Amino acid sequence: MRSLVALVCLAAFATAGRGADDPAKVFEDRIAPIFKSPDPSSCVRCHLAAVDLKNYILPSAKETFLALRDQGLIDLEKPEDSKILSLINRGAADPKAAGLISAKRQKAEYEAFAAWIKACAADPAFRNAPKPEKPPVLATKPVEVVRQARKDRVLESFEKNVWSLRFRCMNCHTEGTPQNDKLVKEHGERVAWFRKGGPEATLDYLLASKLIDLDNPEKSLLLTKPLGEVKHGGGIKVVTGDQGYKAIRAFVEDVAAIKAGKYAKVADLPAKDSGPKQFGTEAWLKIEKTPDAWGDKLLTVYVYAWDAAARDWEKQPVATSDRVVFGKGKLWQHTVTLLADAGSDRAKTWAKGKPALPPGKYLVKVYVDGKGKLAKDWKATLGADEFAGEIEIQAQWREGYGAMTVADASRAKR
Ligand code: HEC
Ligand code: HEC
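Residues numbered from 1 in each chain as written. Chains lettered and ligands numbered in written order. Predicted model: local features only at pLDDT ≥ 70, side-chain atom pairs only at ≥ 80, totals over all residues. Heavy atoms only, no water.

Note on the iron atom of ligand 2: its protein donors are His173 (NE2) and His232 (NE2). The metal-donor distances range over 2.0 Å. Seen from the iron atom of ligand 2, its six donor atoms lie at angles of 87 to 179°, and the figure they make is octahedral. With His173 in the loop between α8 (151–161) and α9 (178–187) and His232 in the loop between α11 (221–227) and α12 (243–259), this pair connects stretches of sequence that are 59 residues apart. For the pair His173 and His232, a shared accessibility class is recorded, and that class is buried. (Donors = N, O, S within 2.8 Å, 3.2 Å for Na, K, Ca; no water. Tetrahedral: all angles 85-135°; square planar, octahedral: opposite > 155°, others 65-115°. Helix = DSSP H or I, 4+ residues; strand = E, 2+ residues; numbered from the N terminus. Buried < 20%, exposed > 50% of the residue type's maximum accessible area, 1.4 Å probe, protein only.)

Time to look at the packing of α8 against α12. Orientation of α8 relative to α12, taken along the N-to-C sense of each, is 160°, at an axis distance of 9 Å. As summarised for this structure, α8 and α12 are arranged roughly antiparallel, according to the angle between their axes. At the point where α8 passes α12, the crossing takes the left-handed sense. Residue-level contacts link Arg153, Val154, Ser157, Phe158 and Asn161 of α8 to Ala247, Phe251, Asp254, Val255 and Ile258 of α12. A class-by-class count of the residues in the contact of α8 with α12 yields six nonpolar, two polar and two charged. (Axes fitted to C-alpha atoms, helices over the stretch in contact; angles between N-to-C directions. Parallel < 35°, antiparallel > 145°, perpendicular 65-115°, else oblique. Left-handed = near helix turned anticlockwise from the far one by under 90°. Contact = heavy atoms within 4.5 Å. Nonpolar A, V, L, I, M, F, W, Y, C, P; charged D, E, K, R; others polar.)

So, about the site of ligand 2. Taken together, 20 residues are adjacent to ligand 2, and Cys169, Cys172, His173, Arg190 and His232 come closest. With respect to ligand 2, the side chain of His173 contributes an N or O atom lying 2.8 Å from a nitrogen atom. At the level of secondary structure, the elements contributing two or more residues to the shell around ligand 2 comprise α9 and α11. Among the elements that make up the shell around ligand 2, the one with the highest residue count is α11 (four residues). Across the shell around ligand 2, the residue classes tally to eleven nonpolar, five polar and four charged. (Near = heavy atom within 4 Å. Polar contact = N/O pair within 3.5 Å; in protein donor to acceptor, adjacent residues only side chain to side chain.)

Taken together, 17 residues are adjacent to ligand 1, and Cys43, Cys46, His47, Lys83 and Arg150 come closest. Interatomic distance of 3.1 Å between a side-chain N/O atom of Lys83 and an oxygen atom of ligand 1. Separating a nitrogen atom of ligand 1 from a side-chain N or O atom of Arg90 is a distance of 3.3 Å. At the level of secondary structure, the elements contributing two or more residues to the shell around ligand 1 comprise α4 (83–89) and α7 (143–148). Among the elements that take part in the shell around ligand 1, α4 stands out by supplying three residues, more than any other. Along the lines of polarity and charge, the residues of the shell around ligand 1 split into nine nonpolar, three polar and five charged.

When a metal carries six donors in an octahedron, the ideal angles between them are 90 or 180 degrees, while four donors in a tetrahedron ideally lie at 109.5 degrees. Protein coordination of the iron atom of ligand 1 is limited to a single donor, His47 (NE2), which sits 2.1 Å from the metal. As for its placement among the helices and strands, His47 is situated in the loop between α2 (23–36) and α3 (61–70).

This is the structure we're talking about:
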C-alpha cells in the first residue's frame, strides 16, 4: 500500500516535472512547431535565402541545446543575452515592420526561444550535459554565404547595377515621369517598374515579378527586352557585353543563385565587386564626326577630370558610358554614369544629393570594340588593344537630351 502511494506521488512529480519549465516539454510545445511549419521563418524579411530559423533546430530538445551551446549561441548565465535571441530579434523595433505577418512571427519565435533557453539554463540535466564526442551539427550556412543573400546587400548591388541604369532606359520605365505616364496609358502599369518609391520598392517589385527568370537568368525579360531578343517597345537599348548588359546580367545571375540556394560554400560566391560606386545621370555626352572605322561598333568612353592641384588628369575616371556608334550619322551619344570610390567625398555628396559633374576641362578616352570581343564574351572588358583615341573637352555637363556635352572625334589624339 505504501509503495503504491509512493508510486502515485512519483508519477505526480514526474508530470509536474513535465510542466511549464521542462525544457523537453517547452521544446515540444513551442520550438518543434517552428521546425515543422511549412512557412519560412521571420528571417526572410531581411535574408532572401541562406538563413531560416529551422536551420537552428534539430529533432530533439537535447540535440538542439547541445548544438546551440556548442556554437556559442546560448548564454547559460544570462539566457536573455543569448546570441540566438539577438539573431531572431534583429529589427523587431523597426517601425517599418509594424503590422507585417513576419513581425508577428518574429515575436512568437523570440518568445518561444526565450522561454525554452530559460528552461534549459535552469535544468541541471541540460546545463551540465557534457559535450558529446560528436556534437550534433546545425544546418547553417557559412557567414559569407549568409552575407551574400542578405537583402540589404542585394539592395546595394541592385542600386549599383540596375537602379543606376534608369536614365539609360531614358525614363521610359521611371514611374511618375512624363515619359512613363504616357507609356503607362498605352501599355499599362507594368512599364512603370522603376518605382517612384525608390530602389528598395523597385527591388521588391522585381523580385515578385516575372521579369527575372530564376531558372535561366540570362533569359530574364529584364535582359532580353532591352537586348531586343524579345520584342521591346523601347527598341534595342543594350548589346551583349556592354555596361548595361553586364550590370543586369550580374544582378539577375546573383539573385537566381541566391534564390535557388546555389551558394553553399564560400567558393561558390561570385568575385567580390570592388569597383567604384555608380551614379546614373541625365547628362548626355555626344561624340560627333566619328570615323568610319568606329561605325556600328560598341564604343566605350571613360572621362577624366582635370586635377588643378596636380596639374594633371585624375588617375581614375570620373564618368563612363558605352553604346553602339550610329555609323550612318557618324555619331555616338549617351547618358553618362558617374564613378566614385565608395566612402570618398564625391560618393558621399552624390549619394546625398543629385549626382552631377562641375563644368570644366575633361579628357574623354575612347575605346572601340572593333572585333566584337564583348559579343563573344560578355565578361570581357575593353583595354589598350581597343584604345581609339582621347579628346580634350570643355564640358558643361548640363542635363537633358537637348543640352548635350559635345566632343569632336576628328580632334581625337592617339
Ligand atoms: C531586420 C532585419 C533582419 C532580420 C529579421 C534577421 N536578420 Fe540576420 N542579419 C541582419 C543584418 C543586417 C545582418 C548583418 C549584421 C552585421 O553584419 O552586423 C544579419 C546577420 C545575420 C547572420 C550573420 C552572423 C552575424 O552574427 O551577424 C546570421 C547567422 C543571421 N543574421 C541569422 C538570422 C536569423 C536566423 C534570422 C531569423 C530568425 C535573422 N537573421 C533575421 C538582418 C536581419
Ligand atoms: C523609348 C522608351 C523605352 C526605353 C528607352 C526602354 N524601354 Fe523597356 N519598354 C518600353 C515599352 C513601351 C514597353 C512595353 C512594351 C513591351 O513589353 O515591349 C517596354 C517593356 C519593357 C520590359 C517588360 C516589362 C513588363 O513587365 O512586361 C522590360 C523588362 C523592359 N522594357 C526593360 C527595359 C530596360 C532594361 C531598358 C533600359 C536599358 C528599357 N527597357 C528601355 C519602352 C522603353
